[in-house]
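# Fold and geometry: a report
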Amino acid sequence: MLTNVPQVTFKTRVRDNSLSGDNPFRWQDLTSSEIFDNKKIVLFALPGAFTPTCSSTHLPGYDAHYDEFKALGVDEVYCLSVNDAFTMFQWSKNLAIKHVKMLPDGNAHFTRLMGMLVKKENLGFGDRSWRYSMLVENNKITALFSETGKMDNCSDDPFNCSDADTMINHLKA
Ligand code: BEZ
């Protein structure tokens with residue numbers, strides 16, 4: 001198992017009210033160091049924005065438990081998917097996500113280095129992330145909940161252990 005999170009740069013979009021026009025957002029690089037250095041971070045990764053289980057349960061579950069994560073000493077909760085920044089932003093907006101930060105890994109650099117990149121060509125998705133969650137303390141992966149049976153072109157995308165409740169139980173133990 002990896003000990004440290006991969007060092008990559010994510011391409012994110014941030015609101016900038018100094019910009020005029022209908023779309024006051026600009027690109028901003030976000031590095032692994034900026035996310036993980038000297039912080040206790042929960043990150044969960046899923047196969048795709050706007051997909052049914054990810055939308056109904058996985059992402060909303062973490063958002064609903066955000067205050068509990070904070071009370072347990074977690075600094076931030078991130079949702080990662082191999083999707084672009086525009087898609088991740090619109091998905092979060094569509095679900096009225098209040099707290100979880102969206103992490104677009106469109107080039108899959110982080111996911112590949114995590115060893116979590118799988119093919120989903122059976123669904124026309126290309127390469128995506130296997131479903132997992134992890135606790136990261138100052139860049140070190142101290143807990144990893146990866147769904148069993150990681151494989152290419154998985155037909156049923158298991159979702160049993162990378163949920164918010166499992167992570168909360170781990171933090172309380
Ligand atoms: C889902 O979250 O329901 C899902 C994820 C990947 C492929 C298909 C569905």
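Okay, the packing of aromatic side chains next. Overall, the coordinates contain seven aromatic pairs when judged by the stated rule. Taking 3.9 Å as the distance between ring centres and 10° as the angle between the ring planes, the aromatic pair formed by phenylalanine 44 and tyrosine 62 counts as stacked. Taken as a pair, phenylalanine 44 in strand 3 (residues 40–45) and tyrosine 62 in helix 2 (residues 52–64) lie far apart in primary sequence, 18 residues in all. For the pair formed by phenylalanine 44 and tyrosine 62, the shared burial category is buried. Here the aromatic residues Phe10, Phe36 and Phe110 are joined through ring pairs into a cluster of three or more. Its end group placed over the ring of tryptophan 27, arginine 13 keeps NZ or CZ at 4.7 Å from the ring centre. The cationic tip of arginine 131 hangs over the ring face of phenylalanine 159; the distance from NZ or CZ to the ring centre is 4.9 Å.

Attention now moves to the pattern of salt bridges. Inspection of every chain in the model, using the stated rule, returns five salt bridges. Aspartate 127 is paired through a salt bridge with lysine 119; the nearest N and O atoms lie 4.0 Å apart. Taking the shortest distance from any N to any O, the salt bridge between aspartate 157 and lysine 120 comes out at 2.8 Å. A residue pair is termed long-range when its members are at least 10 positions apart, and aspartate 157 in the loop between strand 9 (140–146) and helix 6 (164–172) and lysine 120 in the loop between strand 6 (117–119) and strand 7 (127–129) qualify at 37 residues. For aspartate 157, a relative accessible area of 17% corresponds to the buried category.

Rules of the game
Residues numbered from 1 in each chain as written. Predicted model: local features only at pLDDT ≥ 70, side-chain atom pairs only at ≥ 80, totals over all residues. Heavy atoms only, no water. Phe/Tyr/Trp six-rings, centres within 6.5 Å; stacked < 30°, edge-to-face > 60°. Helix = DSSP H or I, 4+ residues; strand = E, 2+ residues; numbered from the N terminus. Buried < 20%, exposed > 50% of the residue type's maximum accessible area, 1.4 Å probe, protein only. Lys NZ or Arg CZ within 6 Å of the ring centre and 35° of its normal. Salt bridge = Lys/Arg side-chain N within 4 Å of Asp/Glu carboxyl O.

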